[in-house]
Amino acid sequence: MKKKKIYLPVDIYDASSLKLYFEESSREGLHFQELNTKGYGIFSVGEPQDYGYMLIPPDKDSMWPDKNTVEKYATYGWEPLTLIRGYYEVYRTSDKSAPLLNETADAKEKAYRNIMRAKKRTLYLEAGVTLIAALIVYMVVSPSFGSVISAIETPLYIIPTLILLTLFSVFSVIKDYIRLRQWEKLHSESYPVNNDGKIRYIPKWKLMAKRYAGIVLAVFMIVAPFSDLFIKKSGSPEDFPGGYPYIHTDVLAGTVDDVSDGDGYCYIRKNSSVFAKEYYEVSYGIGSGTENAISANIYCCNLNFAFLAEPLAEELMERYSVYEYSEIQYEGFDRLYAGSFEGSVHVLVCMKDMRVMSVRLVGAPVSESCFDEVLDVMSGIY
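In this report, the structure presented in the accompanying data block is examined. Keep in mind that what you see is a predicted model, and the values were worked out from it rather than measured.

1. Things to note about the overall build of the chain
Then step 1. The helix and strand tally for the chain stands at 8 helices and 14 strands.
Then step 2. Looking at the chain as a whole, 43% of its 382 residues qualify as buried.
Then step 3. Restricting to contacts in the chain with at least 6 residues of sequence separation, those with at least 24 account for 61%.
Then step 4. Summing over all exposed atoms, the chain offers an accessible surface of approximately 20,900 Å²; the carbon and sulfur share of this is 56%.

Structure, rendered in structure tokens:
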């Protein structure tokens, strides 16, 4: 028997429209068999038939099909078809004169209670997911919650994904809350019996959104992490022809060639994120492995948000084991802090506009010429 999957174009909660839709489909040769977990109706393809359908709210405390119920309905010409779990027992008949046993006051009241229970359960679940998603977004984007550097260096795709998921969840909660109120109002009127005999179809744009929104979100969450792999984030100086921070102190004088010919090294990590236009981390040195080895570590970040500058500077100062920092007044910097450790390790933490930078020099003295070079780097002159 050939079968066809159709995404139901009517609301699962609208029992009357669902019944009329099944009957219209049967007259077109598509006979409803079951509903899968993804919202698709499974229809058998055959000869057009003038079937009648009856949707009855299931008894929570009984198994389906219940023998006594089946025998009772069979006397009226109804045969059990399938169970749409949590919503309806579906019966079918070829006798259009068979009485609709679900149009009694008790049956309508039972249908209302079951549907409201299902709606509230969905609403509570969506509200819980929304709160969890919002908490994760807060943990990632709030510098006060954790590391500022970690927040800045969060891969670009993660935050938009989390925000999109949160907004999607919020929208679902609002939508279902409004519908909950609407169905409560309908109960006082004619629900679940549709007296006008018309099928209330879901608008096409809503149907498309309902059908594909989850797929689009899932694809985005799967594909987005891989997009980050195509961004060059680390390597040697030649991998970054556009320039990078490099401090030429009196001792670390020279060019990139001077630290790439066997007696030194240079390693660069560069990226951007939601919070930073770009950030660099550069490590380089001369005389590696000797007593006179000199090295530098630079962290330079060009922020998108000014409020991150202060906490980032504070975290960079805590990054190295410096006993105490002194603030130095030097023209061109908004703030400049300097500290030393055991006489040979010097750390500068600088702020200018929305740029924050730390420089750690090992075996090299700090001088005013070094301040000028740091200022050039922070001004975007690499």
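From this point, the discussion proceeds with the structure in view.
2. A short note on the sheet that holds strand β2 (residues 30–35)
Then step 1. Spatially, the 3 strands line up as an open sheet ordered β1-β3-β2, and their pairing is antiparallel. The sheet terminates laterally at β1 (3–7) and β2, the two strands that pair on one side only. Averaged over all adjacent pairs, the angle separating strand axes in this sheet is 35 degrees, with direction ignored.
Then step 2. Where β2 meets strand β3 (residues 40–45), 5 bridges bridge the pair, whose relative direction is antiparallel. For Phe-32, the partnering residue across the bridge sits in β3 and is Phe-43.
Then step 3. Helix α1 (residues 15–27) rests against β1, β2 and β3 of the sheet, and its axis sits at about 135 degrees to β2.

3. Brief notes about the pairing of β3
Then step 1. Buried residues dominate β3, accounting for 5 of its 6 residues.
Then step 2. Judged from the 5 bridges that link them, β1 and β3 form a sheet pairing that is antiparallel. If you follow Lys-4 over to β3, its bridge partner there is Phe-43.

4. Some thoughts on helix α8 (residues 368–378)
Then step 1. Residues of α8 that are buried: Cys-370, Phe-371, Glu-373, Val-374, Leu-375, Val-377 and Met-378.
Then step 2. Considering only its buried residues, α8 is in contact with β10 (294–303), β12 (335–341), β13 (345–352) and β14 (355–362).

5. A short note on the packing of aromatic side chains
Then step 1. Enumeration according to the criterion identifies 13 aromatic pairs in this entry.
Then step 2. Between Tyr-21 and Phe-22 the ring centres are 6.3 Å apart and the planes differ by 50 degrees, which places this aromatic pair in the tilted class.
Then step 3. Judged by its relative accessible area of 0%, Phe-22 falls in the buried class.
Then step 4. When the ring of Phe-22 is compared with that of Phe-43, the centres are 6.4 Å apart and the planes differ by 65 degrees; the resulting orientation is edge-to-face. In this pair, Phe-22 sits in helix α1 while Phe-43 sits in strand β3, placing the two residues 21 residues apart along the sequence. Per residue, the accessibility class of Phe-22 equals that of Phe-43, and both read buried.
Then step 5. Taken together through their ring pairs, the aromatic side chains of Tyr-21, Phe-22, Phe-32, Phe-43, Tyr-53 and Tyr-201 make up a single cluster.
Then step 6. Between the NZ or CZ atom of Arg-92 and the centre of the ring of Tyr-51, over which it lies, the distance is 4.5 Å.

6. Describing the sheet that holds strand β4 (residues 52–56)
Then step 1. Strand order in the open sheet made by the 3 strands is β4-β6-β5, with antiparallel pairing throughout. Both edges of this open sheet fall to β4 and β5 (79–84), since each of them pairs with a single strand only. Averaged over all adjacent pairs, the angle separating strand axes in this sheet is 25 degrees, with direction ignored.
Then step 2. Here β4 pairs with strand β6 (residues 88–93) via 5 bridges, running antiparallel. Of the residues in β6, the one forming a bridge with Tyr-53 is Arg-92.
Then step 3. Most of the contacts of α1 go to β4, to which it runs at about 155 degrees, and overall it touches β4 and β6.

7. A closer look at the pairing of β14
Then step 1. Where burial is concerned, most of β14 is hidden: 6 out of the 8 residues are buried.
Then step 2. Relative to β14, β10 runs antiparallel, the two being bridged by 8 bridges. Bridge assignment links Ala-296 to a residue of β14, and that residue is Leu-361.
Then step 3. With antiparallel pairing between neighbouring strands as the criterion, β13 and β14 make up a hairpin whose turn holds 2 residues, including Asp-353 at a positive phi of roughly 55 degrees.

Conventions and cut-offs
- Residues numbered from 1 in each chain as written.
- Predicted model: local features only at pLDDT ≥ 70, side-chain atom pairs only at ≥ 80, totals over all residues.
- Heavy atoms only, no water.
- Helix = DSSP H or I, 4+ residues; strand = E, 2+ residues; numbered from the N terminus.
- Buried < 20%, exposed > 50% of the residue type's maximum accessible area, 1.4 Å probe, protein only.
- Contact = heavy atoms within 4.5 Å.
- Areas by Shrake-Rupley, 256 points an atom, 1.4 Å probe, with all protein chains shown as cover.
- Pairing = 2+ DSSP bridges.
- Axes fitted to C-alpha atoms, helices over the stretch in contact; angles between N-to-C directions.
- Phe/Tyr/Trp six-rings, centres within 6.5 Å; stacked < 30°, edge-to-face > 60°.
- Lys NZ or Arg CZ within 6 Å of the ring centre and 35° of its normal.

Take it as geometry only, folks, not as evidence of what the structure does.
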